[in-house]
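What follows is each chain in one-letter form.
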Amino acid sequence: MFKRTLFYLALMVGAFTFIYPFLWMAAATLKPEYEIPQLSFFGSRITAESYRLVLEKIPVVRAFFNSLIVSASVTASVLVFSSMVGYALSRLKFKGREIIFTVILFTMMIPFQITLIPMYVLIVKLGWTDTYLALIVPYMINAFGIILFRQFFKAIPQDVIDAARIDGCSELRILFQIVWPLSVPALVTVGIIVFMMTWNEVLWPLIVIKKTEIMTMPQMVALFAVGGQAENLIGVRLAAAMMLTIPVLVVYIFFQRHFIQSMATTGLKG
Amino acid sequence: MEQRTPIQTEKEKGDRAGYLFVLPYIIFFLVFTAYPLIFSFILVFHRWNIVGPMQWIGLGNFATLLHDPLFWKSLWNTARFLIIHIPLQIAVALVLAEILNQHIRFRGFFRAAFFLPVVISGVVVTILWQQLYSTDTGLINLSLSKLGLSRVPWLTSTTLAMPSIAIMATWKNVGFYVVLFLAGLQSVPRNLYEVAELDGASKIQQFLKITIPVINPVVVLVVILSTINGFSLFIEPYVMTSGGPLNSTLSTFLYIYKEAFSFYKMGYAASMGFVLAAVILSVVLVQRKIVETDTYT
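Conventions adopted
- Residues numbered from 1 in each chain as written.
- Chains lettered and ligands numbered in written order.
- Predicted model: local features only at pLDDT ≥ 70, side-chain atom pairs only at ≥ 80, totals over all residues.
- Heavy atoms only, no water.
- Helix = DSSP H or I, 4+ residues; strand = E, 2+ residues; numbered from the N terminus.
- Rg over C-alpha atoms; globule rule 2.2 N^0.38 Å.
- Buried < 20%, exposed > 50% of the residue type's maximum accessible area, 1.4 Å probe, protein only.
- Contact = heavy atoms within 4.5 Å.
- Areas by Shrake-Rupley, 256 points an atom, 1.4 Å probe, with all protein chains shown as cover.
- Axes fitted to C-alpha atoms, helices over the stretch in contact; angles between N-to-C directions.
- Parallel < 35°, antiparallel > 145°, perpendicular 65-115°, else oblique.
- Left-handed = near helix turned anticlockwise from the far one by under 90°.
- Salt bridge = Lys/Arg side-chain N within 4 Å of Asp/Glu carboxyl O.
- 1 Å grid on protein atoms, 1.4 Å probe; cavity = no way out; pocket = protein on both sides within 12 Å on 5 of 7 lines; lining within 4 Å.
- Points joined across faces, edges and corners; volume = space filled by probe spheres on them.
- Polar contact = N/O pair within 3.5 Å; in protein donor to acceptor, adjacent residues only side chain to side chain.

S.K.: Looking at this structure, I do not really get the overall build of chain B. What am I missing?
M.R.: Check the secondary structure of chain B and you find 13 helices and two strands. For 297 residues, the compact-globule estimate of 2.2 N^0.38 gives 19 Å, and chain B exceeds it by more than 25% at 25 Å. With respect to the principal axes defined by its C-alpha atoms, chain B has extents near 75 × 70 × 35 Å. Going through the 297 residues of chain B one by one, you find that 55% of them count as buried. Excluding contacts between residues fewer than 6 apart, the proportion of contacts in chain B whose partners are at least 24 apart in sequence is 66%. Here chain B has roughly 14,000 Å² of accessible surface; of this, 67% comes from carbon and sulfur atoms.

Given below as structure tokens:
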């Protein structure tokens, strides 16, 4: 009994440590600036002043939509193209198939520290700096997605695919109309991970985007916090951070089980 | 593959579809993997500011790098980060996972709570902790002085700034490793414990002699993943300290970023990227040698 209590106590302390800072941040953004460096959780009054200042100083709504466009395009593209390759590698026979699979495994081991700078040069040469293309195209297919789809598609019964072939379905139709509906867990896993990774990516946008109108949300908030625009106002910086948190938080609260399972799969397979 | 071919032409059709399906990947691979990879090998032998012509300097970049005190300092900083981050992360993650693996109510809630910082952007976490760590107005120091303790210069001291960042990074990532460990712990066969119980082994002995060896592959995975992630430490010092005070939190990757995108030393930065990749690879190989053991499975 004593041990049980101890366990729950440890878990509560843990949960508190991970959740409280976010609650504190949420409360701080609604306090008057001068009350933030005080221990009390609530301020004397609730004010949206910090949020008003953020909206006044940076086009954060625009950045939100940029992030949405980029993350949605990347996710959709990865689902389509990675599943096509995964399907070819697991269910279609052709010469060189195993070589391509080996190449894909090899690309997963290349450290991005090596390719980052040449990638930037490539984007400059293509004239894609300050465009959505720079943020979307280099992420359109991903090796992790291919491997996961290949693994998943292998388990689909051959009869299902044969039946469709005999009915004269093209391979594209088989993939999207027969295999996809049978692969919802894999699609959800890849979708969640790719969307979250793209949404939270900040290094690459910092490198290829300098124009405010094209900036993604994490990039804009990071630059806002680093640069002088926040004028040392704590509330304003936290409010900007809070605005970046809310979209992910909302999605996480509804789909946390999927998030956790998906991420665990990456860890174990990547 | 046990693919049946009802008609002879079916094979050719399959061939064509196969190539068609992998074609986008092949183009993608050539443009965004092969080309950058080859170009990086050329880049390291040149001095180049991206605007002017490339200038061949042989191994000049590597010679500069050998005598660049800032590069070595940045490697040492990254090492200091890893030395604190990895053991701390494993210890905390193992303890939390072990507790969650008991018959616990609300397990889903606790797991979700620990995992929360993992999904939140590193930018948010850094801005938040910068405030918590702030010497004069930070929540941590306010609490400390309330308890009658002295304030700690978390981010303004050259010795403490990097450990502070390492603690924050642990807080952000540990939930992910809790989930990995939990999956590992659940795979330990129950009967092993029962046998040990009969032999009179204590809980601690059981943990050290059964749990740890069985979940060794997970430990290896966690060590390697957190090493690779640790070596790409960037946004935390970028936002929090921009490498200061006195370059004490300048991670290697932040240094590469600055050389490449603030000073446009493309060749030099690319060379540092190569050396960093080589360092990561060697560290991971050494870790595997040390951590990996033969397991029962």
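S.K.: Explain the packing of helix α4 (residues 97-107) of chain A against helix α7 (residues 143-154) of chain A here, please?
M.R.: Angle between the axes and distance between the axes: these two values describe a pair of packed helices. Residues and elements named next belong to chain A. Relative orientation of the contacting elements α4 and α7 amounts to 130°, with a least axis distance of 9 Å. It follows from the interaxial angle that α4 and α7 lie oblique. Handedness of the α4/α7 crossing: left-handed. Taking contact as the criterion, the partners of Phe101, Ile104, Leu105 and Thr107 in α4 are, on α7, Ala143, Ile146, Ile147 and Arg150.

S.K.: What's the story with the interface of chain A and chain B in this structure? I'm lost.
M.R.: Note on interface size: it is often stated as the accessible area lost on association of the parts. The partner chain B presents 89 residues to the 95 residues of chain A that form the contact. Here chain A is connected to chain B by zero salt bridges.

S.K.: Can you walk me through unusual backbone geometry in this structure?
M.R.: For residues that are not glycine, phi is negative in most cases, and the peptide bond is trans in most cases. Residues and elements named next belong to chain B. The peptide bond linking glycine 244 to proline 245 adopts the cis configuration, its omega dihedral lying at -10°. Among the secondary structure elements, proline 245 is positioned in the loop between α11 (235-240) and α12 (252-261). You will see that phenylalanine 106, though not glycine, has its phi angle at about 60°, which is positive. Mapped onto the elements, phenylalanine 106 comes out in the loop between α3 (69-100) and α4 (107-119). The exposure class of phenylalanine 106 is exposed, given its relative accessible area of 58%.

S.K.: Mind showing me how you'd approach the layout of surface pockets here?
M.R.: Using a probe with the size of a water molecule, rolled over the atoms, empty space left in the structure can be pinpointed. In this structure, the second largest pocket encloses a volume near 620 Å³. Residue lining of the second largest pocket: 17 residues in total, with A:Phe7, B:Glu98, B:Gln102, B:Lys203 and B:Phe207 positioned closest to the centre. Broken down by secondary-structure element, the contributors of at least two residues to the lining of the second largest pocket are α1 (2-29) of chain A together with α3, α8 (190-198) and α9 (203-214) of chain B. Ranked by the residues each element gives to the lining of the second largest pocket, the list is headed by α9(B), at five residues.

S.K.: Would you take a moment to explain the side chain of A:Thr29 for this structure?
M.R.: All names here are of chain A. For threonine 29, the location among the structural elements is in helix α1. One polar contact links threonine 29 to tyrosine 51, side chain to side chain, over a distance of 2.8 Å. In this structure threonine 29 touches Thr47, Ser50, Tyr51, Gly235, Leu238, Ala239 and Met242, once residues within four positions along its chain are discounted.

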